[in-house]
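Reading the structure
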Amino acid sequence: MMTKYRFKISPIFSTALKNNITRVYWLFSVFLLFSFQSFASYVLIPMDAEEQQNHLKAYGITYWTLSKDLKVKWLLNYRGGAFLLPDTEDIRKECTIRGVTYEIISDAETEEILEEISSPSQNMEAVILEKAPKIAVYSPKGNQPWDDAVTMVLTFAEIPYETIYDKEVLDDNLILYDWLHLHHEDFTGQYGKFYASYRAAPWYIREKAAAEKLARDLGYSKVSQEKLAVALKIRDYVVGGGFMFAMCSATDSFEIALAAEGIDICEPMFDGDPSEPGYQSKIDYNRTFAFKNFTLERNPNVYEFSSVDMTRIRRISKTTDYFTLMDFSAKWDPIPTMLCQNHTVLVKGFMGQTTAYNPNEIKSNVLVLGENKTNGEARYIHGIKGKGFFTFYGGHDPEDYTHRVGDPKTELELHPNSPGYRLILNNVLFPAAKKKKQKT
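The structure reproduced in this document is the subject of the present report. For every chain, the first residue of its written sequence is number 1, and the numbers climb from 1 along that sequence. This being a predicted model, a pLDDT of at least 70 is required before a residue's local features are given, and a value of 80 or more before pairs of side-chain atoms are given or counted; all residues contribute to the totals for chains, interfaces and linings. Values reported for side chains reflect all heavy atoms of the structure, with hydrogen atoms and water molecules removed beforehand.

Our focus in this paragraph is the pattern of salt bridges. One speaks of a salt bridge when a side-chain nitrogen belonging to Lys or Arg is within 4 Å of a carboxyl oxygen belonging to Asp or Glu. All told, the structure shown has 28 salt bridges when counted by the stated rule. A salt bridge links Lys 141 to Glu 168, with the nearest nitrogen and oxygen atoms 3.7 Å apart. With Lys 141 in the loop between β6 (135–138) and α5 (149–157) and Glu 168 in helix α6 (residues 166–170), this residue pair connects regions lying 27 residues apart in the sequence. The salt bridge partner of Glu 399 is Lys 348, with a shortest N-O separation of 3.0 Å. Of this pair, Glu 399 sits in the loop between β14 (388–393) and α13 (419–429) while Lys 348 sits in strand β11 (residues 346–348); the two residues are 51 residues apart in sequence, bridging distant segments of the chain. When a residue's accessible area, from a 1.4 Å probe over protein chains only, is under 20% of the maximum for its type it is buried; when over 50% it is exposed; and in between it is partly exposed. The exposure class assigned to Glu 399 is buried, which follows from its relative accessible area of 16%. In this description a helix means any DSSP run of H or I spanning at least four residues, a strand means any run of E spanning at least two, and both kinds are numbered starting from the N terminus.

If you want it as structure tokens, here you go:
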């Protein structure tokens, strides 16, 4: 028969043992915590040419992250303008689903990157993006006989937006939005200067009738008067602190409407009565955002608004039509640097009703962000108006060189790394950035 022995542990030894176990558990927990932080702390979305498989959808991931009340760092001039996001399982899954290249980096690696960026010897900066901007696209309801690059890329990048038009603008609904895009539009009341080529086309007749009815419904006797009222509301939106982005003819027709306030510049086929005699001499360039000293195109049969646009006088072949993005100081000029983030400094040119801007007719306080070095034309410009900002981008579709009325829309699945479309999305994220006070 075996004897059973019982050991009695002294109280002193018992206390010491419990303390040692607690200490070991604490040390193990700290080790796990630091191990986790050092191996999975941030998601880095590279934006250079070699690494990122879908640049356009990467902006959508960034916007989606901001919409979850998470902050993002935009690493200007680092790997093509990379994005630094908090590491969560949802973000990883979303990147995988959307086909966006990403890397998981540790705290130590993150600190090294941010230290490199902060060095005075590096033309880089880390800008904090704080919230997802609410986006409005100014566009008529229903299908149009042309496509809009901005709505296409917003849809492809899965960035939500709302469509508004004249009634919403005149009802002061712009204050609900952080960013406004002006769809292919004519704010002068001349129906896009399509008269010579399309006056007998069913879509032109239909659009003209719809515009006239809308003007009457809103209390105006002419489309030109109603469009001016809309342009003035948009001007006030920007002056009050809004962000406006416009492309193609929406850029110079908006400026002309402001400069010609109170002046009839429309010929009889547009508004039923003659234009005002000598109207060119009455144009007030002080009212415009970006352009000065331009001459209006009086001939209604010419598909052009003014001398601001260089479409008819440029002599550049498609194979040599490129524009260069300007180089700014990321630390001292973060805004233009933000707007120029790309994986290349050389961007393919593309045509539009308004293709490029005459450098001699751009105001001195407006920044040229992209220009064609061959003839000096400006393709991409930016400025401050009051408390707000505006960006004008010449051309119609960055991946369709001569997009015409009725042409099929561009399939962005074929152009996920488009440098020209990246410039649009830079502007979309711009209002999300934490900004320093600007001089007006």
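Time to look at the sheet that holds strand β13 (residues 378–385). Whether two strands pair comes down to DSSP finding at least two bridges between them. Pairing in this open sheet of nine strands is mixed, and the strands run β7-β6-β8-β9-β14-β13-β12-β10-β11 from one edge to the other. The sheet is open, and its two edges are formed by β7 (162–164) and β11, each paired on a single side. Within the sheet, the average angular offset between the axes of one strand and its neighbour, ignoring direction, is 25°. Across six bridges, β13 lies against β14 in antiparallel orientation. Looking at β14, one finds that Tyr 380 is bridged to Tyr 393. Pairs of residues are marked as contacts when any of their non-hydrogen atoms sit within 4.5 Å. Axes, fitted as lines to C-alpha atoms, cover a helix only where it is in contact. Angles between the N-to-C directions of the axes lie from 0 to 180 degrees. Sheet strands touched by helix α10 (residues 249–259): β8 (179–182), β9 (243–247) and β14. Its angle to β9, the strand with the most contacts, is close to 115°.

For Asn 77, which is not a glycine, the phi torsion comes out positive at approximately 65°. Mapped onto the fold, Asn 77 is located in the loop between β2 (72–76) and β3 (82–86). Unusually for a residue other than glycine, Lys 193 sits at a positive phi of about 55°. By the secondary structure assignment, Lys 193 is in the loop between β8 and α7 (195–198).

Tracing the backbone shows Asp 252 in helix α10. When charges are counted, Lys and Arg contribute as positive and Asp and Glu as negative, whereas His and the chain ends are disregarded. Comment: no salt bridge for buried Asp 252; closest opposite-charge side chain is Lys 193, at 9.5 Å. When near neighbours in sequence (up to four residues on either side) are disregarded, Asp 252 contacts Phe 291, Glu 304, Phe 305, Ser 306, Val 308, Asp 309 and Thr 354.

At a closest axis distance of 10 Å, the pairing of helix α2 (residues 55–67) and helix α3 (residues 89–98) adopts a crossing angle of 155°. Between α2 and α3, the interaxial angle falls into the category roughly antiparallel. The hand of the α2/α3 crossing is right-handed. Residues Lys 57, Gly 60, Ile 61, Trp 64 and Thr 65 of α2 form the contact with α3, whose participating residues are Asp 90, Ile 91, Glu 94, Cys 95 and Arg 98. Asp, Glu, Lys and Arg are counted as charged, while Ala, Val, Leu, Ile, Met, Phe, Trp, Tyr, Cys and Pro are counted as nonpolar; the rest, among them Gly, fall into the polar class. When grouped by side-chain class, the residues that make up the contact of α2 with α3 number four nonpolar, two polar and four charged. For this classification, under 35 degrees means roughly parallel, over 145 means roughly antiparallel, 65 to 115 means roughly perpendicular, and everything else is oblique. The handedness criterion is simple: a crossing whose near helix is rotated anticlockwise from the far helix by less than a right angle is left-handed, and one whose near helix is rotated clockwise is right-handed.

Tracing the backbone shows Glu 116 in helix α4 (residues 107–118). Overall, the relative accessible area of 35% leaves Glu 116 in the partly exposed class. Separated by 38 residues in the primary sequence, Glu 116 and Tyr 78 have C-alpha atoms spaced 9.5 Å apart. Apart from residues lying up to four places away in sequence, Glu 116 is in contact with Tyr 78, Gln 122 and Met 124.

What follows is about α13. Counting buried positions along α13 yields eleven of eleven residues, so the element is predominantly enclosed. Among all positions of α13, only Pro 419, Gly 420, Tyr 421, Arg 422, Leu 423, Ile 424, Leu 425, Asn 426, Asn 427, Val 428 and Leu 429 are buried.

On their own, these measurements won't tell you what the molecule is for.
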